[in-house]
Amino acid sequence: MLDNFKRYQQGIKVENLFPTRKDKLCACGCGQVLLGRKTKWFSDNCRKIALNTYYIIKGDSDVIRENVYLRDKGFCRNCGVKSLDWQADHVVPVFKGGGACGLENFQTLCIDCHKDKSFYLDRLPDSRDILTSSLNILPSSNNTFRAINQRVCKNIIRETVCVSE
Ligand SMILES: [Zn+2]
Ligand SMILES: [Zn+2]
């Protein structure tokens, strides 16, 4: 049903991801017992969290951007610079099976870092997952951070290339 090699999951329903349970437990997976006349969700919050996850897995770009921004606040996860022009990047690219994933497979990248990542992924398709996991440095608006991390980044690329050869 879910296709990890596709960006958008056509025809997927909330019920597919969070089926109504026969054991009277909340469908969100929180483990709480449904009380009274409740049939699917323990609370409104359970429903909201499940719907949010559903839209992210489905590939809804608005919901994905909203959630990535709430978590990363616009700071590039690779160089630490905050920018308005940021991209919600698939950590593991869709062509490597990173589609139909939750928020954990998305990261904020600035335009430059996103370009860098695409550049290396395009040119070295057979190498190990270059730059697919970010450095996850702490958010900073300090620009010196960027220069340092670009250097770190290049070292990582070089090492990975060496290892894969
Ligand atoms: Zn729940
Ligand atoms: Zn960046």
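Calculation criteria
- Residues numbered from 1 in each chain as written.
- Chains lettered and ligands numbered in written order.
- Predicted model: local features only at pLDDT ≥ 70, side-chain atom pairs only at ≥ 80, totals over all residues.
- Helix = DSSP H or I, 4+ residues; strand = E, 2+ residues; numbered from the N terminus.
- Buried ≥ 20, exposed ≤ 12 C-beta atoms within 10 Å, placed from the backbone.
- Contact = placed C-beta atoms within 7 Å.
- pLDDT = per-residue confidence, 0-100.
- Core = buried A, V, L, I, M, F, W, Y, C linked by C-beta atoms within 7 Å.

Visitor: I keep staring at the overall build of the protein chain and nothing clicks. Help me out?
Guide: Within the protein chain one finds 5 helices and 2 strands. Listing each helix as α and each strand as β along the protein chain from the N terminus yields α-α-α-β-β-α-α. Taking all 165 residues of the protein chain together, the buried fraction comes to 20%. If you take every contact in the protein chain between residues at least 6 apart in sequence, the share linking residues at least 24 apart comes to 57%.

Visitor: Where do I start with unusual backbone geometry in this structure?
Guide: Residues apart from glycine generally show negative phi values, whereas peptide bonds are mostly found in trans. One non-glycine residue, lysine 24, lies in positive phi territory at about 65°. For lysine 24, the location among the structural elements is in the loop between α1 (14-17) and α2 (44-58). For lysine 24, a count of 11 C-beta atoms within 10 Å gives the class exposed. The backbone of alanine 100 shows a phi angle near 55°, a positive value even though the residue is not glycine.

Visitor: Before we go on, may I ask you to explain the confidence of the model for the protein chain in this structure?
Guide: As a general rule, the predicted coordinates of low-pLDDT regions are not to be interpreted in detail. Looking at the protein chain, the pLDDT average stands at 79 and 73% of residues meet or exceed 70. The spread of mean pLDDT over the elements of the protein chain runs between helix α5 (residues 143-164), the lowest at 39, and α2, the highest at 96. Note that residues 127-165 has pLDDT below 50 and, in this model, 46 contacts with residues that lie over four places away or in other chains.

Visitor: Mind showing me how you'd approach the nonpolar core here?
Guide: Across soluble globular proteins, you tend to see nonpolar side chains buried next to one another. The biggest cluster of nonpolar side chains holds 8 residues, and these are Phe75, Cys76, Cys79, Val81, Trp86, Leu109, Cys110 and Cys113. Phe18, Cys26, Trp41 and Cys46 belong to the second-largest nonpolar core, a separate cluster that totals 6 residues.

Visitor: I keep staring at the environment of alanine 100 and nothing clicks. Help me out?
Guide: Relative to the elements of secondary structure, alanine 100 occurs in the loop between β1 (86-90) and β2 (106-110). Counting along the chain gives 41 residues from alanine 100 to glycine 59, while the straight-line C-alpha distance between them is 6.8 Å. Apart from residues lying up to four places away in sequence, alanine 100 is in contact with Leu2, Asp3, Asn4, Gln9 and Ile57.

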